[in-house]
Amino acid sequence: MKDGKLLMVLDSPGGSRIITSVLQTILNVTEFKMSMQEVVNTARFQNQWLPDDVLFEPNSFSNATLADLKAKGYKINKKVTTII
């Protein structure tokens, strides 16, 4: 709700991706001022404690971004095809 009006309703696939999926949606709308369609179309990633790696949709993040994550010690998993 925002200003007494419905802003968004969220849902997520089950499992370990619920929190990340909902958080990314909320941040993209509230902080990055994306429309709901932009949020649906944007690349997503997943990071959790176990396994300790970053899952991402192929060809969705620049090589520079992935290099920055690696430099910070994140393990990049290039095997994931879709994060919903």
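Residues numbered from 1 in each chain as written. Predicted model: local features only at pLDDT ≥ 70, side-chain atom pairs only at ≥ 80, totals over all residues. Heavy atoms only, no water.

Student: How should the overall build of the protein be read in this particular structure?
Tutor: Across its full length, the protein carries three helices and three strands. Tracing the protein from N to C terminus, the helices and strands come up as α-α-β-β-α-β. Projected onto its principal axes, the C-alpha positions of the protein cover 45 × 25 × 20 Å. By residue count, 24% of the 84 residues in the protein fall in the buried class. When contacts within the protein are restricted to residue pairs at least 6 apart in sequence, long-range pairs at least 24 apart make up 30% of them. (Helix = DSSP H or I, 4+ residues; strand = E, 2+ residues; numbered from the N terminus. Buried < 20%, exposed > 50% of the residue type's maximum accessible area, 1.4 Å probe, protein only. Contact = heavy atoms within 4.5 Å.)

Student: What exactly am I supposed to notice about the side chain of Gln 46 here?
Tutor: Mapped onto the fold, Gln 46 is located in strand β1 (residues 45–47). A polar contact of 3.0 Å, which involves the side chain of Gln 46, links it to the side chain of Thr 20. (Polar contact = N/O pair within 3.5 Å; in protein donor to acceptor, adjacent residues only side chain to side chain.)

Student: How should I be thinking about the packing of aromatic side chains in this particular structure?
Tutor: Remark: the centre distance and the inter-plane angle together describe each pair of aromatic rings, the angle taken between the planes. One pass over the full model with this rule turns up two aromatic pairs. On the basis of an interplanar angle of 70 degrees and a centroid distance of 6.3 Å, the ring pair of Phe 45 and Phe 61 is categorised as edge-to-face. Of this pair, Phe 45 sits in strand β1 while Phe 61 sits in the loop between β2 (54–56) and α3 (63–71), and the two are 16 residues apart along the sequence. Residue class for Phe 61 comes out partly exposed when judged on its relative accessible area of 26%. Between Phe 56 and Phe 61, the ring centres sit 6.5 Å apart and the planes meet at 75 degrees, which makes this aromatic pair edge-to-face. You can call Phe 56 buried: its relative accessible area is 6%. Here the aromatic cluster, defined as three or more aromatic residues joined through ring pairs, consists of Phe 45, Phe 56 and Phe 61. (Phe/Tyr/Trp six-rings, centres within 6.5 Å; stacked < 30°, edge-to-face > 60°.)

Student: So what exactly am I meant to see when it comes to unusual backbone geometry here?
Tutor: As a rule of thumb, non-glycine residues mostly have phi less than zero, and peptide bonds are mostly trans rather than cis. One non-glycine residue with positive phi stands out, namely Asp 3, at about 55 degrees. Structurally, the position occupied by Asp 3 is in the segment before α1 (18–30). The residue Lys 33 is not glycine, and still its phi comes out positive at about 55 degrees. We classify Lys 33 as exposed; its relative accessible area is 64%.

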